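# Architecture at a glance
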Amino acid sequence: MRRRTLALATASGAALLAAAALPATAQPAAHRATPAASGAGLQEGSVSAADLLAKLKGCSQLSNGKYRTDEETSATVPVCGKNGAVFWKADMDVDCDGQTTSKCNADTDPWYQDDTAFHQSNGKPLNAEKLPYVVVPSVGGIWNYASAGIKGGGVVAVIYNNQVEYAVVGDTGPDKIIGEASYAAANGLGINPDPENGGADTGVTYLLFKNSKASPIESHADAVSRGDALAKKFLQDN
């Protein structure tokens, strides 16, 4: 699996309010849908991974160029546009920043930072151990997420290994690197959530719904409910 370099951590710290928080534990059982009939893992909501991916073939590129998945790799990942959404296909680095917990702290994560770009309704940083969320690249020359209708708390469908998990936009990262999500997001999808050597090298699709927002941002149940409705609309509109 990919390992973040110290140089990447430095770039992250300069580019964002705080590196993305990585959830450390699986989402509460009450908020998780039952596995798909095929026996695959997580299936949140009623829209299947296959149905969503069928609408994400090809790419109408929105970004002014492409992103790298790691500091040392070449730029190969564009941000693509669809009706009501943007998406990219990349890897997943695990981020553990935000509230200090037993799974996410300076001892478990060499690059740990105790803040996130977007905060809970009570003003505290997000809890990477509990909340599935996605990191978007900081605004730069390649792409401006805000101008595309993407904002903190925005709802995201994360698709991996025939699974669908709903998350929120929770943090910003380096302005030239893409493909990162929280400890909880990784763990929920059966991806090794270790912030130092976990993650997935490839095969992760991030579908971000424009002008959406979970309320409050820390409510995974709300993200799932809104995400299911948005996914159904996405299928109708594309």
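Throughout what follows, the structure given in this document is the object of discussion. (Residues numbered from 1 in each chain as written. Predicted model: local features only at pLDDT ≥ 70, side-chain atom pairs only at ≥ 80, totals over all residues. Heavy atoms only, no water.)

### A look at the nonpolar core
- Grouped together as the largest cluster of nonpolar side chains are 43 residues, with contacts concentrated most on W88, M92, W143, V158, Y206 and L208.
- Among the secondary structure elements, those contributing two or more residues to this core are strand 2 (85–95), strand 3 (133–137), strand 4 (155–160), strand 5 (163–173), helix 3 (183–188) and strand 7 (200–209).
- When residues of this core are assigned to their parent elements, the largest contribution, 5 residues, is made by strand 2.
- Sequence-distant contacts of L208, that is, excluding residues within four places in its chain, are made with G84, A85, V86, W88, V136, I150, V155, V156 and V169.
- Counting residues in hydrophobic clusters, the runner-up holds 17 residues, among them C80, F87, L207 and A231. (Core = buried A, V, L, I, M, F, W, Y, C linked by side-chain atoms within 4.5 Å. Buried < 20%, exposed > 50% of the residue type's maximum accessible area, 1.4 Å probe, protein only. Helix = DSSP H or I, 4+ residues; strand = E, 2+ residues; numbered from the N terminus. Contact = heavy atoms within 4.5 Å.)

### Section: the packing of aromatic side chains
- Per the counting criterion, the structure on display carries 3 aromatic pairs.
- Aromatic side chains W88 and W143 sit 5.9 Å apart centroid to centroid with 75 degrees between the ring planes, which places their arrangement in the edge-to-face category. One end of the pair, W88, is in strand 2; the other, W143, is in the loop between strand 3 and strand 4, and 55 residues separate them in sequence.
- With relative accessibility at 6%, the residue W143 sits in the buried group. (Phe/Tyr/Trp six-rings, centres within 6.5 Å; stacked < 30°, edge-to-face > 60°.)

### Considering the side chain of Q120
- Within the fold, Q120 resides in the loop between strand 2 and strand 3.
- Under the relative-accessibility criterion, Q120 is labelled buried at 15%.
- Only 2.9 Å separates the side chain of Q120 from the side chain of Q99, close enough to count as a polar contact.
- In contact with Q120, not counting residues within four places along its chain, are Q99, P125, L126, N127, I217 and E218. (Polar contact = N/O pair within 3.5 Å; in protein donor to acceptor, adjacent residues only side chain to side chain.)

### Re the state of the cysteines
- A full pass over the atoms with the stated rule returns 2 disulfides.
- At a sulfur-sulfur separation of 2.0 Å, the disulfide partner of C59 is C80. In this structure, the disulfide formed by C59 and C80 twists by about -100 degrees around the S-S bond and is classed as left-handed. One end of the pair, C59, is in the loop between helix 2 (49–54) and strand 1 (80–82); the other, C80, is in strand 1, with 21 residues separating them in the sequence.
- Within the protein chain, bonded cysteines paired by disulfides and numbered along the sequence follow the pattern 1-2, 3-4. (Disulfide = S-S within 2.5 Å.)

### Considerations on unusual backbone geometry
- With an omega dihedral of -5 degrees, the bond running from S215 to P216 counts as a cis peptide bond.
- Inspection of the secondary structure puts P216 in the loop between strand 7 and helix 4 (220–237).
- Backbone geometry at N211 places phi at a positive 55 degrees, although glycine is not the residue there.
- Topologically, N211 is positioned in the loop between strand 7 and helix 4.

### Re empty space enclosed by the protein
- Under the defined criterion, the tally for this structure stands at 3 cavities of 30 Å³ or more.
- Quantified by volume, the second largest cavity comes out at close to 40 Å³.
- V135, V136, P137, G173, P174, I177, I178, G179 and E180 are the residues that line the second largest cavity.
- Its residues assigned to classes, the lining of the second largest cavity shows 6 nonpolar, 2 polar and 1 charged. (1 Å grid on protein atoms, 1.4 Å probe; cavity = no way out; pocket = protein on both sides within 12 Å on 5 of 7 lines; lining within 4 Å. Points joined across faces, edges and corners; volume = space filled by probe spheres on them. Nonpolar A, V, L, I, M, F, W, Y, C, P; charged D, E, K, R; others polar.)

### Side note on the pairing of strand 4
- The buried fraction of strand 4 amounts to 5 of the 6 residues, a majority that puts the element mostly inside the structure.
- The sheet contact formed by strand 4 and strand 5 spans 6 bridges and is antiparallel. Looking at strand 5, one finds that V156 is bridged to A167.
- The antiparallel hairpin formed by strand 4 and strand 5 contains 2 residues in its connecting segment, where N161 sits at a positive phi of about 50 degrees.
- As judged from the 5 bridges shared by strand 4 and strand 7, these two strands associate in the antiparallel manner. In the sheet register, I159 faces strand 7, and the bridge partner there is T205. (Pairing = 2+ DSSP bridges.)

Take it as geometry only, folks, not as evidence of what the structure does.
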